[in-house]
Structures are given as structure tokens and as C-alpha cells.
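Observations on chain architecture
Listed below are the residues making up each chain.
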2 protein chains.
Amino acid sequence: MSQNKEHHSGTVTMESVGRLAGVSQVTVSRALNDPSKVSAKTLQRIKDAIELTGYVPNMVAGALASKRSHLIVALIPSITNFAYSEFIKHFIQVMRGHGYHVLTAETGLSMEEEESVLATMLSRRPDGIMMTGINHSAKCKRMLLGSGIPVVEIWDMTESPIDTCVGFSHAKSGEETAKFAHKKGYRNALAISAADERALRRKDAFCETFRKLGNNPVKEICLDSPASLELGRKSLAQAIDEGFKNGVVMCSSDLLAHGVIIEAQTRNLRIPEDIAVIGFGNQNFAAFTVPSLTSLHVDRAYLGSQAATALMARIDKKPLQKNCIDIGFEIVERDSA
Amino acid sequence: MSQNKEHHSGTVTMESVGRLAGVSQVTVSRALNDPSKVSAKTLQRIKDAIELTGYVPNMVAGALASKRSHLIVALIPSITNFAYSEFIKHFIQVMRGHGYHVLTAETGLSMEEEESVLATMLSRRPDGIMMTGINHSAKCKRMLLGSGIPVVEIWDMTESPIDTCVGFSHAKSGEETAKFAHKKGYRNALAISAADERALRRKDAFCETFRKLGNNPVKEICLDSPASLELGRKSLAQAIDEGFKNGVVMCSSDLLAHGVIIEAQTRNLRIPEDIAVIGFGNQNFAAFTVPSLTSLHVDRAYLGSQAATALMARIDKKPLQKNCIDIGFEIVERDSA
DNA sequence: TTGTATGCGTTATCAA
DNA sequence: TTGATAACGCATACAA
């Protein structure tokens, strides 16, 4: 009681809770973070005081003092894209179980955008960072490495991740799709792809493999807007206008594939006899289109939890068996191909 | 230089940047927050020092000192639901333009979940909060009011918001849908609705209005899982099994409506002659189904920016003309009804 | 089991 | 135009 440090402002702090409970601020802190270190009696008094005052912990102050923000920054290309939003949903759930909040931000598909978003996000001092993909600008990598913050890259595969990586090989998925199509007897192909780099890699691998297998040409359509039902329809229409008659259509997403199905039907083309369709993503509508859609499945829930687990291990500095986890994929055969 | 407070740890701070530039820490702070108050020369030296050191501002410390976190907490029922994710995308974009980050969290559809999520989020000391809907637990409202943080409730309408509200009337939208259906000559109806409270309110208003208008019965199906193409199909199948022969089908989402269309087609029912379909949400695929889907449109991009603008006004304590903004809706007539 | 002292990296308030 | 100083609310180390 020597100095008058009585600055009761309106806000409830550990200090004021402690005053009410007749203990010091530190004891309140302990009561919340490690109750076993506080006697039962004072614990109760503190709980009562918290109840009475409606105290809400201040993580901002806590983060500054402890240098742990309990915040994860997650960068994904698009929030509205179901593939990413479903992944992130599971990622968030696991992280929440560990006491972390996830600040999600959209990067579009350009490295510049990603770089500028990351730059402002780093000022939040996240304990971990999730990046989509393995291709980032040099400055981006420098910032990441320089920050010393654990990073997990997802939705792709590399031998040399920034830190850790959980995903699958897009090239391999394109290859396997081509092999599948060839084995099913299709000798003519059309590939419709969104313009993002990973989709293009799948498409290129598909085309190359398909050509090698049958020495047949593959017609390619590359979109410049985000995939949609509309663009699936228009792409098939365009291909047919340009002479595509029959064969298998490889799409970079199920939404496109559904559009192709619809367009084929309006033109009275039989599926899969005239036009066979293969999607990507195996969204939950794929089994219920008519005909049902053959699609490449990636377990996004599993990916989310694996990515979260890997990142948590790095944050807790626990040993990690592998810093690259390939979760693979699987072609789900249905009626469209 | 009296006391040796030389504790250069590894981290770059305003202190170390200042030391390099030959100025005090405060000057660095000013250079970043209000450059006009710093001379051109020192500004350049500071910029150079920042470049050299790779300094990244620490918003955690800034937030603690200024009591402004530049963080918004946004609570939505589901991240993967396109209606919410598209809204939040625009909300985030506008907020980002104002220098704010948006921490998005999922609440499911229960008030308890929302309450517990909100409780932990409040410890981040957000400058503003976005809540979905107008129904919250008493404790939730108490926490919100007690925090003194500006709140915007979206996607619904009320005369007595917690703070501000931007949305539309679900009851009215159900009414209008019924009037539309009746005017189009449909005298028999089926309503398929997800179980969330707002969808149910739309459905109830639809049923009540439709009955009043024609004195005809409305068959109702209420789902217990999130809406999907599959459930749209199954619901129509179930209704037909139970005797529903023809009429208009009001769906609580476009996804359900699309499922209804597909199921009707597999049964060789004509649309809209045998079965007419009205969706909700006017997702961008609605114009490209076959037949194209009549749907109730809500401008989610506009909603996002209006909500952000309203919240910003409250944060900046600028006057707000109205604390309730009804953005309305519109029935987009296409071929399915 | 509890308390004291100190620092986390900023912003805000003065003073020069 | 600049700088010294004091918060901001908590966690950590150390002492009792």
C-alpha cells in the first residue's frame, strides 16, 4: 500500500478480480492457467469474483507477455470454393481443440496478393501459418523463414517444403485420371481446366499421359474465370462447336463436370456412351447427379486434421516422423465414365 | 545513456530500428502511424532501417497500448455454406480496406455453441462483432452488451437489434414466395426446408400465406441434416411416395431445388407443368440448370458491404441514419416456376 | 501456496 | 520536429 497505483478504470482485469478476491494479480493468473497451483479456498473466491465482475481474459495482453498468440493464420485462394472451405472447416475444428483461433484470409490465385496478405498477417504474430500450395514468391518465403514461425503447406506435394507439407501430387492425379480413362476404353479426350496453377498441372499431366497411352489428341479448354456450372456448359458447347464429337471429358472440378453433364443432356448426347465425364473433388453432390459423376476424391476432412496435427507438432516442437505427408487420392467410379 | 537497457534479443522492434536510424523508438512509431509528423530526412533513414532489418510491426503490442485491435470477430452458422461464405467474403474485403482483419468462426445452429464461441472470441478484444441472425441466448446478449463492443447482426431483421442490423425479413420472403406461386396459378404445394430457424420461418410464412390464398393444403418436409442435392432428391421422392402428385415445390435453398429438379426428371415429370420448383438464394448455378431455376435472390455482396459499412460507422462513432437496414430481396423468375 | 518485480512492444501524454 | 515517460494487462522468474 505504499504507492497509490489505484487506477481503477472501467475495465475488469486480473488486478481488479484479485482485489475483490483478496489476492494478488498473479494468483488470479495462476487460477486460470494452472489451477492446481492454487488452494481450493482461494480458487473458489477467485471464481466467485470472476463471476461477479464478468471478467473476460485479455488474450492481447497475454500474447504480448508470453509471446504466444494462440493464433494461426491460414491463407487459402478462395473462401467460397467448397474444396478449401471444407478443408479449413476441419482444420479450424482441430485447432480449436488445442486452444487456437484461426484467422483465415483469401489470397486469390496470385503470388503478389498472397505476399501482401501474408505481410499484414505476420504483424499478428501468429504461432503457426498454413499456406495453400507450394509455390510462393521469393519474398514470401523470406518473410516466412525470417519469422521463424512454423508453417504447413497444404493441397500439394513437394520434396522441399518451407517447413512441413501435407497434400497430394497433382501431376500424379492427372496421370491416374488419364490411365483410368484409357483403361475404360476412351480414345478421344477433352480437358477443361480452370486457370489456377494446380489445376493446370493436373490437366497437363492428364493430356501428356493420355497422348502417350493412345497416341490420340486431347482437346484443351482453359478458363479464365473461376469454375462454375455455367462455364462447364459453355465449355462443352464450345468444344462441340469446334468439332469435338465424342470421348471423355476431364474437368478440373465437379462443378464444371456437372455443367458438362447438363449441357450434354440438353443436346441429347448419351452419357457415358457419347460423352463420358470425370470430375475432380468428389463433392457430395457427385453421387446424386444423373448420371452420377465419376470423380477424383481427396479426403479434405482428413487433410484438414492432418495439417492441423502436423502444425501443432511443429509449434510444440515435438518430433515429426516426416515433414511431408502424402494423403493420396482415389478415383471414385460412378456412371458418368 | 544512463542505465544500460541494452537487451537486444533476436526480434526486431521499433527500438532496434530506431537505434539503427539514429532516432528514438517513438519517432519510429510516428513514422509509421503519422509520417507527416516526421521530417523527410529521418523518415528516409527510418525507411532504410526498416528495409535493412526486415522489421514487421507488432499489432499485439499496438493493440494493447492503443486498446484497438483492428480485429473484427464474425460468427456464422457454417463456413461451407455458400450463402454465408459469399457474404463473409465481401464483408472481409471491405473490412480489409479499412485496415481490419476478420476472425471468422463457425457457430453451427445452436445458441449454446454460439455462446461458447463468442465467449472465447471476446478475449481477443475485437473492435467489432458480426453476428448471424437476431436470436441469441440471454447470456450472449449480456456478454455483448457488457463488452461495449459495436455489433452488427445480419441476415435477418428486427426492430430491436443489439446494436445495428442489416438484413431482410424471412417471414416476408416466405409470404412473397407464396403470393408469387399463387399468382402463377399453382394450387397445390410442397415445402421442403432445412431445420434452421430462419428457413423454418420462411417455410411457415409460405405455408400460411399459400393456404390463405387458395384454401389449399401444403405438404411439408423438414430435414434434419444440412441441405444437399441428395436431400432435395430424396425429399421429392418421399413426397411422391406419400401422395404428392403435382404442384409447386418451395425449397429452403437452391441446392435442394436442384435436387428436386433432378429427381423430377428421372421420374419423367415435366417442369413446371407437373412439378414447379422455387429455390432460395439464387446461387450462380440457378440460371444454368435445366430448366433454369426460379429463385429468391438476396444480394449477399451488397449485404456484406452494407454490414461492414454499418459496423465501421459504429466503431468510428459516426452517426448512423438507421440502425436497421432492410436490403430486401427479389424473386427471380426463370423456367422452373 | 502466495506475492514482488520485471518485461513484452507498442501508443498516448507531456515536455522540450 | 523530436524525445522521455508512463501506461496497456498479463506471464515469467524468483523470492518468501
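Structure report, in brief.

Calculation criteria
Residues numbered from 1 in each chain as written. Chains lettered and ligands numbered in written order. Predicted model: local features only at pLDDT ≥ 70, side-chain atom pairs only at ≥ 80, totals over all residues. Heavy atoms only, no water. Pairing = 2+ DSSP bridges. Helix = DSSP H or I, 4+ residues; strand = E, 2+ residues; numbered from the N terminus. Axes fitted to C-alpha atoms, helices over the stretch in contact; angles between N-to-C directions. Buried < 20%, exposed > 50% of the residue type's maximum accessible area, 1.4 Å probe, protein only. Contact = heavy atoms within 4.5 Å. Buried area = accessible area lost by both parts, 1.4 Å probe. Salt bridge = Lys/Arg side-chain N within 4 Å of Asp/Glu carboxyl O. Nonpolar A, V, L, I, M, F, W, Y, C, P; charged D, E, K, R; others polar. Core = buried A, V, L, I, M, F, W, Y, C linked by side-chain atoms within 4.5 Å. Near = heavy atom within 4 Å. Polar contact = N/O pair within 3.5 Å; in protein donor to acceptor, adjacent residues only side chain to side chain.

**Things to note about the sheet that holds strand β6 (residues 189-193) of chain B**
Residue and element names in this part refer to chain B. With mixed pairing, six strands are arranged side by side in an open sheet as β7-β6-β8-β9-β10-β12. The open sheet has two edge strands with one neighbour each: β7 (218-222) and β12 (330-332). Each neighbouring strand pair of the sheet contributes to a mean axis angle of 20 degrees, computed without reference to strand direction. Where strand β8 (residues 247-251) and strand β9 (residues 275-280) come together, four bridges link them in parallel fashion. Note that in β9 the partner of valine 248 across the bridge is alanine 276.

**Observations concerning the pairing of strand β2 (residues 101-106) of chain B**
Residues and elements named next belong to chain B. Counting buried positions along β2 gives six out of six residues, so the element sits mostly inside the fold. Burial of β2 is two-sided: the residues His101, Leu103 and Ala105 facing one way and the residues Val102, Thr104 and Glu106 facing the other way are all buried. Pairing of strand β1 (residues 71-76) with β2 involves six bridges; the strand directions are parallel. Note on β2: the bridge partner recorded for isoleucine 76 is glutamate 106.

**A look at the interface of chain A and chain B**
Facing the 45 residues of chain A at the interface are 45 residues of chain B. Surface buried jointly by chain A and chain B totals about 4100 Å² across both partners, of which 61% is contributed by carbon and sulfur atoms. For chain A, the biggest contributors to the area lost against chain B are A:Val60, A:Arg124 and A:Phe288; these three give 17% of the whole. At the junction of chain A with chain B, the criterion picks out four salt bridges. For the salt bridge of A:Lys89 with B:Glu106, the shortest nitrogen-to-oxygen distance reads 3.2 Å. When residues of the side of chain A that touches chain B are assigned to their parent elements, the largest contribution, eight residues, is made by helix α5 (residues 82-97) of chain A. Its residues assigned to classes, the side of chain A that touches chain B comprises 22 nonpolar, 14 polar and nine charged.

**Comments concerning the nonpolar core**
One finds A:Phe91 and B:Phe91 to be the most contacted residues of the largest nonpolar core, which totals 60 residues. Breaking this core down by element, the ones donating at least two residues are β1 (71-76), α5, β4 (151-154) and α12 (300-315) of chain A together with β1, α5 (82-97), β4 (151-154) and α12 (300-315) of chain B. For A:Phe91, the residues in contact, after removing those within four places along its chain, are A:Ile72, A:Val102, A:Met130, A:Gly304, A:Ala307, A:Ala308 and A:Leu311. In this structure, A:Cys140, A:Met143, B:Met121 and B:Leu122 belong to the second largest nonpolar core, which totals 34 residues.

**Digging into the sheet that holds strand β11 (residues 324-326) of chain A**
Two modes of strand pairing occur in sheets, parallel and antiparallel, and in both the strands are linked by backbone hydrogen bonds. Residues and elements named next belong to chain A. Taken in spatial order, the six strands make up an open sheet running β2-β1-β3-β4-β5-β11, and their pairing is parallel. Both edges of this open sheet fall to β2 (101-106) and β11, since each of them pairs with a single strand only. Neighbouring strand axes in the sheet, compared pairwise and without regard to direction, differ in orientation by 15 degrees on average. Of the pairings in the sheet, the one linking β4 to strand β5 (residues 164-167) comprises three bridges and is parallel in character.

**Topic: the protein's contact with DNA strand D**
What surrounds DNA strand D is a group of 27 residues, the closest being A:Met14, A:Ser29, A:Tyr55, B:Thr27 and B:Arg30. Sugar plus phosphate: this is where 68% of the atoms of DNA strand D within 4 Å of the protein reside. Measuring from a phosphate oxygen of DNA strand D, one finds a backbone N or O atom of A:Met14 at 2.7 Å. A distance of 2.5 Å separates a phosphate oxygen of DNA strand D from a polar side-chain atom of A:Ser29. Elements with a contribution of two residues or more to the surface near DNA strand D: α2 (25-33) and α4 (59-66) of chain A together with α2 (25-33) and α4 (59-66) of chain B. Grouping the constituent residues of the surface near DNA strand D by class yields 10 nonpolar, 13 polar and four charged.

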